[in-house]
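# A look at the structure
Now for the letters of each chain:
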Amino acid sequence: DAAAQKVALQGQLPDCEPLPCEFNLPASVKLSHNCTGVGTGQHCVTQCAPGYGGTTQILQCGSDQYLVGEKPTCGGIACPSRHVTHVEDTCANTTFSSSCF
């Protein structure tokens, strides 16, 4: 209505779906995450896999389809000591996924 200076929009609003994040996904045997399928504006959690210790972090999916945020630094958890009579070994301070004799 030009005289009243009103504008009326016509048509349907678009139905938008978030783009999935495809870049910078956590990729390490030391990490566990729920980032697969996360879309623009959504977040996911990445943490250390079983046998590894570290802090849990939250990653955000940006409009460029990259996950951003700090990934956890994970180190192997120390294996418990074992005591076998009359056996000498090198297993003190051994961590998950390492080996000893």
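Here's what I pulled together on the structure shown here.

What counts, and where the lines are drawn
- Residues numbered from 1 in each chain as written.
- Predicted model: local features only at pLDDT ≥ 70, side-chain atom pairs only at ≥ 80, totals over all residues.
- Heavy atoms only, no water.
- Pairing = 2+ DSSP bridges.
- Helix = DSSP H or I, 4+ residues; strand = E, 2+ residues; numbered from the N terminus.
- Phe/Tyr/Trp six-rings, centres within 6.5 Å; stacked < 30°, edge-to-face > 60°.
- Buried < 20%, exposed > 50% of the residue type's maximum accessible area, 1.4 Å probe, protein only.

## Some details on the sheet that holds strand β2 (residues 43-48)
- What the four strands build is an open sheet, ordered β1-β2-β4-β5; its pairing is antiparallel. Looking at which strands have only one partner, the edges of the open sheet turn out to be β1 (31-33) and β5 (67-68).
- Relative to β5, strand β4 (residues 57-61) runs antiparallel, the two sharing two bridges. Bridging from a neighbouring strand, Q60 pairs with V68 of β5.

## Looking at the packing of aromatic side chains
- This model, assessed by the stated rule, comprises two aromatic pairs.
- With a centroid separation of 5.2 Å and 85 degrees between ring planes, the pair formed by Y52 and F96 is classed as edge-to-face. Taken together, the residues Y52 in strand β3 (residues 52-53) and F96 in the segment after β6 (75-76) connect sequence positions 44 residues apart.
- A relative accessible area of 11% means that Y52 is categorised as buried.
- A relative accessible area of 38% places F96 in the partly exposed class.

Just geometry here; none of it tells us what the structure is for.
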